[in-house]
Amino acid sequence: MSFIKFWGAVTRGVIYPLVRFLYRPEIELENGASVHCDEPVVYISNHISCWDPLLLLTVLGVDKVSCLAAKDWYDKPFIHSVYEANNWIPVNRRGFDTAWLHLASEAMKEGRSILIFPEGHIRREAGVDEFKPGFMFLTSRTHAKIVPIWHSGYRLFHRTRVVFKKLQPTDGSSAAFVREECIRYREMFMEMEKENSK
């Protein structure tokens, strides 16, 4: 067994089940939403912990979804092997990077959905930071729909609420449209946080 395949087996057989056991995701579907879709989609989520991609992938399906990962983390020797084994896609947060768009588009052609955290970093305080436009660039390129996901965070051995909104169509690609959609989705997540934090 190759080194990459070894870490793929470890994450699927040990790490993902452990995360699911510790944080026990409780799925809620709003307004006719669905966890799994008939076509590749772009999942977007709030980002409050390094556990986020692991938890969400246990819900979405490890073999069905590729997650974007910061290149500065992706390139670390040990972590690189784990990320590559799970088909994660590196993105450079510190410069203008389009390579990830090609990799994500190709993954979607192969039938995989993409998980993106539009804030571009972990936010540990309440609130929602400005959304970066990458997720809109990808949907404009692939004509994929968007599924917003909000989750409640983590307390050991307590259930983590994972709330799915219904599919959101993408109907434009102009700079103005992308900018407006980033604002709209950020406001949607702010409202989801407000509603689900009561």
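Everything discussed here concerns the structure shown above.
It should be emphasised that the depicted structure is a prediction, and the values quoted were computed from it without experimental measurement.

1. A few points about helix H5 (residues 99-109)
And step 1. Among the residues making up H5, those that are buried are Trp 100, Leu 101, Ala 104, Ser 105, Ala 107 and Met 108. Looking down the long axis of H5, one finds its buried residues gathered within 160° of arc, a one-sided arrangement.
And step 2. Tucked inside the fold, the buried residues of H5 contact strand E2 (42-45), strand E3 (65-70), strand E4 (89-91), strand E5 (113-116) and helix H6 (134-142).
And step 3. Phi for Gly 111, located one or two positions after H5, is positive at around 100°.

2. Concerning unusual backbone geometry
And step 1. Of note in this structure, Arg 24 is not a glycine but carries a positive phi near 40°.
And step 2. Mapped onto the elements of the fold, Arg 24 is located in the loop between helix H1 (3-23) and strand E1 (25-29).
And step 3. Accessibility expressed as a relative area gives 35% for Arg 24, which makes it partly exposed.
And step 4. Unlike most non-glycine residues, Asn 31 shows phi in positive territory, near 50°.

3. Structural notes on the layout of surface pockets
And step 1. By volume, the largest pocket is sized at about 1200 Å³.
And step 2. In terms of lining residues, the largest pocket is bounded by 42 residues, among which Leu 68, Ala 69, Ala 70, Val 91 and Arg 93 are the most central.
And step 3. At the level of elements, H1, helix H2 (52-60), E3, helix H4 (77-85), H5 and H6 are the ones that each hand at least two residues to the lining of the largest pocket.
And step 4. Across the lining of the largest pocket, the residue classes break down as 28 nonpolar, ten polar and four charged.

Reading the values: rules and limits
Residues numbered from 1 in each chain as written. Predicted model: local features only at pLDDT ≥ 70, side-chain atom pairs only at ≥ 80, totals over all residues. Heavy atoms only, no water. Buried < 20%, exposed > 50% of the residue type's maximum accessible area, 1.4 Å probe, protein only. Helix = DSSP H or I, 4+ residues; strand = E, 2+ residues; numbered from the N terminus. Arc of directions from axis to C-beta. Contact = heavy atoms within 4.5 Å. 1 Å grid on protein atoms, 1.4 Å probe; cavity = no way out; pocket = protein on both sides within 12 Å on 5 of 7 lines; lining within 4 Å. Points joined across faces, edges and corners; volume = space filled by probe spheres on them. Nonpolar A, V, L, I, M, F, W, Y, C, P; charged D, E, K, R; others polar.

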